[in-house]
Amino acid sequence: MALVNGGKLLTRALGQQGANIVFFIEGGPFLQTQRYLATEGIRLLDVRHEQAAAMMAHAHARVTGGKPGVCMAAAGPGVTNLVTGVANAFSDCAPVVVIGGSTSTTEAEMGAFQELDQLAMMRPITKWAVRVPVPQRVPEYVEMAFRFATSGRPGPVYLDFPSDVLSREIEEEKVKFPEHYPAPARPLGDPDLVAKAIDLLSTAQRPVLITGSGIIWSGASDQLGEFVDVTGIPFFTTPQGRGVIPEDHPLCFPGARGFALRNADVVLVVGTRLNFVFSFGRFPRFDPAVKVIQVDIEAEYIGHNRPVDVGIAGDARVVLGQMTQEARKKLRGWAKSPWVTKLNEVEAEHMAKTKPLLESDQVPIHPARLCKEVRDFIGRDAILAVDGNEILTWARQIINTYVPGHRLNCGTFGCLGVAVPFGIGGKLAKPDAPAFALSGDGSFGLNGMEMDTAIRHRIPLVVVISNNGSWASINPEEKPPVPGKYLGHQRYDLMVSDFGGYGEKVERPEDIRPALERAVASGVPACVNVITDPYIKAQQSGLLHYSA
């Protein structure tokens, strides 16, 4: 009678649930399990810090449109190192299956090596956290993990594997493997509420549509585009929800964002939370008299932070389809309305103010010029991870996104250090798409060693650093200087080239594009280290139209 241990069962269960890559650092109690994974056709991507493993899994999930990313860490410090990346995925509602090792159940509460209550640590930052109790239930728990990660509002889940559960052998015939986790349910919106929502929209003179990551997780880009085209409603997305409609669409007005939200009389919110990104849906970001329609997969989030006039619990894809069908019967559309004309005017004014900065020849380089050069080079289908403070703000204003899931940034958790891990995870999710990371120098330092990961695994990511020599911008009137703020203009490009990648330092704006061309042509992971003006603060430019 054949025997099988928990580690072998974990390997088979991951394969059955569709996992094709695991981000990890080798270590106990998974040493044997990782050997199984390597021989079962699941790619192992070893990183330099477990935090980055969680971030890569997060980016992989986002770029694939919701296929759960998988990361794995050894017991104790390995699991604690995952926490920041897992918390960021939780804030971002990203489906990540997190697998952590732990000490043997036979040594519980004895002060065993690396013993820690990892479940207590993970429960506040996951949708579901559980210890797998016995080997024969490993496939069952893995299937549940994938199902929990993708159902309803997505998010990370945590499976804790004691060493004895992984090593214990049982009779293989006693193990039941569940089927592949089912496709998430797509609940319809209440038809009466859908009709009520369209009736309210029909009264609007200045409507606005706001969407977020829920469109990506639901795979609702086509339905969203159809709704916008049928209604002519101007739309705006959260920073993480960009690209669900190409941002050169005639009803996309990123430069008029603040004006539009302040002056809207009806706001339709689909697949995003009214959190700090939108000032919690309150004045002064919105008119106190504005009417709000909210669509969310989870009913308990409807009306959170402010009352709504119509709340529809349902899946974004199907509810948008319902609303489009109803709109065809009742709405005249706003595409040629005075409201859209005004937004075009505000957008044009914004672009006129921005243009001199985009064309600036100043040295040190203006960050707006850097963003313009990156924008004009990377192409429409590029995956772009943006990380930092000042450069993140400038990039939001200047660089558009055209493909769902191809824009990655710090998110609502404000998690710095994501650029390189997100770039790697995104590139592995779509190997044929070009991948770039645009990072501040401080943020790059947090996970810059992952360039070694990219080089070892031959992942051609190009990282562009806005190197202003400090954390955020410098106020020349700071007296005394802020402790810990100044980093100096370090040669990150030399670090990358010493690892075996391509590195180049750039000090003049006309040299940015040629450096990018050489970086891509090198065919290896690359770092373009651009020296930018440390005294430019984006928030003082008067051009900021994206909240964090």
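Structure report, in brief. Because the structure is predicted, anything quoted here is derived from the model rather than measured. Here the residue index of a chain counts from 1 through its sequence in written order. Side-chain atom pairs in this predicted model are given and counted only at pLDDT of 80 or more, local residue features only at pLDDT of at least 70, and totals for whole chains, interfaces and linings cover all residues. To get the side-chain values, all heavy atoms of the structure are used, and hydrogens and water are removed first.

## Considerations on the sheet that holds strand β18 (residues 502-506)
Then comes step 1: Spatially, 6 strands are ordered β15-β14-β16-β17-β19-β18 in an open sheet, and the strand pairing comes out parallel. Looking at strand neighbours, the two that pair on one side only are β15 (407-408) and β18, the edges of this open sheet.
Then comes step 2: Should any heavy atoms of two residues lie within 4.5 Å, those residues are considered in contact. Note on definitions: angles span 0 to 180 degrees between N-to-C directions of axes, and those axes are lines fitted to C-alpha atoms, for helices only across the stretch in contact. Strands are runs of DSSP state E lasting at least two residues, helices are runs of H or I lasting at least four, and both sets are numbered from the N terminus onward. Across the sheet, helix α15 (residues 390-398) lies against β14 (383-387), β15, β16 (435-440) and β17 (462-467), angled at about 140° from β14, the strand it touches most.
Then comes step 3: Of the strands in this sheet, β16, β17, β18 and β19 (526-531) are in contact with helix α20 (residues 512-522), which crosses β18 at around 175°. Strand pairing follows a simple DSSP-based rule, namely that at least 2 bridges must link the two strands.

## Re the pairing of β14
Then comes step 1: Of all 5 residues making up β14, 5 are buried, and the element is well covered by its neighbours.
Then comes step 2: The classification of residues rests on relative accessible area computed with a 1.4 Å probe and restricted to protein chains. Under 20% of the type maximum is buried, over 50% is exposed, and intermediate values are partly exposed. Residues Ile-383, Ala-385 and Asp-387 line one face of β14 and the alternating positions Leu-384 and Val-386 line the opposite face, and both faces are buried.
Then comes step 3: The parallel pair β14 and β15 is bridged by α15, and the resulting crossover is right-handed. Crossover handedness is defined here as right-handed if the route from the first strand over the helix to the second strand goes clockwise, with the strands pointing away from the viewer.

## Some details on the packing of helix α8 (residues 191-202) against helix α12 (residues 316-330)
Then comes step 1: Taken N-terminus to C-terminus, the directions of α8 and α12 make an angle of 50°; their axes are 9 Å apart at the nearest point. Between α8 and α12, the angle falls in the class oblique. In this structure, α8 meets α12 at a crossing whose hand is right-handed. Each of Val-194, Ala-195, Ala-197, Ile-198, Asp-199 and Leu-201 in α8 lies in contact with α12, whose residues at this interface are Gln-322, Met-323, Glu-326, Ala-327 and Lys-330.
Then comes step 2: Its residues placed into classes, the contact of α8 with α12 shows 7 nonpolar, 1 polar and 3 charged. Note that the term roughly parallel is reserved for angles under 35 degrees, roughly antiparallel for angles over 145, roughly perpendicular for angles of 65 to 115, and oblique for everything else. By definition, turning the near helix anticlockwise from the far helix through less than a right angle yields a left-handed crossing, and turning it clockwise yields a right-handed one. Note on residue categories: nonpolar means Ala, Val, Leu, Ile, Met, Phe, Trp, Tyr, Cys or Pro, charged means Asp, Glu, Lys or Arg, and polar means any other residue, Gly included.

## Points about the side chain of Asp-441
Then comes step 1: Inspection of the secondary structure puts Asp-441 in helix α17 (residues 441-447).
Then comes step 2: Within the buried set, Asp-441 has no salt-bridge partner at all; the shortest N-O distance to an opposite charge, 10 Å, is to Lys-485.
Then comes step 3: Distance and chemistry together define a polar contact, namely a pair of N or O atoms within 3.5 Å, with one atom able to donate a hydrogen and the other to accept it when in protein, and with adjacent residues in sequence counting only for side-chain atoms on both sides. Of the polar contacts made by the side chain of Asp-441, one reaches the backbone nitrogen of Gly-469; its length is 3.0 Å.
Then comes step 4: Only 3.4 Å separates the side chain of Asp-441 from the backbone nitrogen of Ser-470, close enough to count as a polar contact.
Then comes step 5: Apart from the residues lying within four places of it in its own chain, the contact partners of Asp-441 are Ile-465, Ser-466, Asn-467, Asn-468, Gly-469, Ser-470, Leu-487, Gly-488 and Tyr-492. A positive count includes Lys and Arg, and a negative count includes Asp and Glu. His and the chain ends are not counted in either. Salt bridges are identified by distance alone: a Lys or Arg side-chain nitrogen within 4 Å of an Asp or Glu carboxyl oxygen.

## Observations regarding the pattern of salt bridges
Then comes step 1: Evaluated as defined, the whole model comprises 32 salt bridges.
Then comes step 2: Among the salt bridges present, the one from Glu-40 reaches Lys-8, with a minimum N-O distance of 3.1 Å. Taken together, the residues span a long stretch of sequence, with Glu-40 in the loop between α2 (31-39) and β3 (43-46) and Lys-8 in helix α1 (residues 6-16) at a distance of 32 residues.
Then comes step 3: Across the pair Glu-226 and Arg-328 runs a salt bridge whose closest N-O atoms are separated by 2.7 Å. One end of the pair, Glu-226, is in helix α10 (residues 221-231); the other, Arg-328, is in helix α12, and 102 residues separate them in sequence.
Then comes step 4: Residue classification places Glu-226 among the partly exposed positions, given a relative accessible area of 38%.
Then comes step 5: Taken together, the salt bridges that share partners define one network made up of Asp-361, Arg-369, Lys-372, Glu-373, Arg-375 and Asp-376.

## Some points on α12
Then comes step 1: Here the expected length of a helix is defined as 1.5 Å per residue gap, with one fewer gap than residues. The terminal C-alpha atoms of α12 lie 20 Å apart, and with 15 residues this matches the ideal 21 Å at 1.5 Å per residue to within 8%.
Then comes step 2: Among the residues making up α12, those that are buried are Ala-316, Val-318, Val-319, Leu-320, Gln-322, Met-323, Thr-324, Glu-326 and Ala-327.
Then comes step 3: Those residues of α12 hidden inside the fold are in contact with α8, α9 (213-218), α10, β11 (266-270), β12 (291-296) and β13 (310-313).
Then comes step 4: For α12, the side-chain oxygen to backbone nitrogen distance between the N-cap and Arg-317 is 3.0 Å, and the N-cap itself is Asp-315.

## Some details on the packing of aromatic side chains
Then comes step 1: Only centres within 6.5 Å qualify two rings of Phe, Tyr or Trp (six-membered ring in Trp) as a pair; their planes then separate them into stacked at under 30 degrees, edge-to-face at over 60, and tilted for everything else. One pass over the full model with this rule turns up 7 aromatic pairs.
Then comes step 2: Ring centres 6.4 Å apart and planes at 65° place the aromatic pair Phe-30 and Phe-161 in the edge-to-face group. Of this pair, Phe-30 sits in the loop between β2 (21-24) and α2 while Phe-161 sits in strand β7 (residues 157-162), and the two are 131 residues apart along the sequence.
Then comes step 3: When its relative accessible area of 0% is taken as the criterion, Phe-161 is described as buried.
Then comes step 4: An angle of 85° between the planes, with centres 6.1 Å apart, marks the rings of Phe-377 and Phe-436 as edge-to-face. With Phe-377 in helix α14 (residues 367-378) and Phe-436 in strand β16, this pair connects stretches of sequence that are 59 residues apart.

## Looking at the state of the cysteines
Then comes step 1: Disulfides are defined as cysteine sulfur pairs within 2.5 Å. Here the structure, examined in full by the defined rule, presents 0 disulfides.
Then comes step 2: No disulfide involves Cys-415; its sulfur sits 7.1 Å from that of Cys-410, the nearest cysteine.
Then comes step 3: Residue classification places Cys-415 among the buried positions, given a relative accessible area of 6%.
Then comes step 4: No disulfide involves Cys-527; its nearest neighbouring cysteine sulfur is the one of Cys-371, lying 16 Å away.

## So, the nonpolar core
Then comes step 1: In these notes, a set of buried Ala, Val, Leu, Ile, Met, Phe, Trp, Tyr and Cys residues joined through side-chain atoms within 4.5 Å is what counts as a nonpolar core. Formed by 140 residues in total, the largest nonpolar core has its most connected members in Leu-201, Phe-227 and Met-323.
Then comes step 2: Ranked by residues supplied to this core, first place goes to helix α3 (residues 50-63) with 8 residues.
Then comes step 3: Leave out the neighbours within four places in its chain, and Leu-201 touches Pro-207, Phe-227, Ile-233, Val-266, Leu-268, Ile-293, Met-323, Leu-331 and Trp-334.

## A short note on the pairing of β3
Successive residues of a regular strand alternate their side chains across the two faces of the sheet.
Then comes step 1: Bridge count for β2 against β3 is 4 bridges, and the pairing is parallel. Bridging across to β3, Phe-23 finds its partner in Leu-45.
Then comes step 2: Taking the sense of rotation as the criterion, the β-α-β connection linking β2, α2 and β3 turns out right-handed.

## Section: the packing of α10 against α12
Then comes step 1: Running from N to C, α10 and α12 point in directions that differ by 20°, and their axes come no closer than 9 Å. Of the possible angle classes, the one that applies to α10 and α12 is roughly parallel. Taken as a pair, α10 and α12 cross one another with a handedness that is left-handed. Residues Gln-223, Leu-224, Glu-226, Phe-227, Val-230 and Thr-231 of α10 touch α12, and the partners they reach there are Arg-317, Leu-320, Met-323, Thr-324, Ala-327 and Arg-328.
Then comes step 2: By residue class, the composition of the contact of α10 with α12 is 6 nonpolar, 3 polar and 3 charged.

## Focus on the sheet that holds β13
Then comes step 1: Strand order in the open sheet formed by 5 strands is β10-β9-β11-β12-β13, with parallel pairing between adjacent strands. Each having just a single partner strand, β10 (235-237) and β13 make up the two edges of the open sheet. Shown here is a sheet whose adjacent strand axes are inclined to one another by a mean of 15°, direction ignored.
Then comes step 2: Relative to β13, β12 runs parallel, the two sharing 4 bridges. Pairing of Asp-296 across the sheet is with Ala-313, part of β13.

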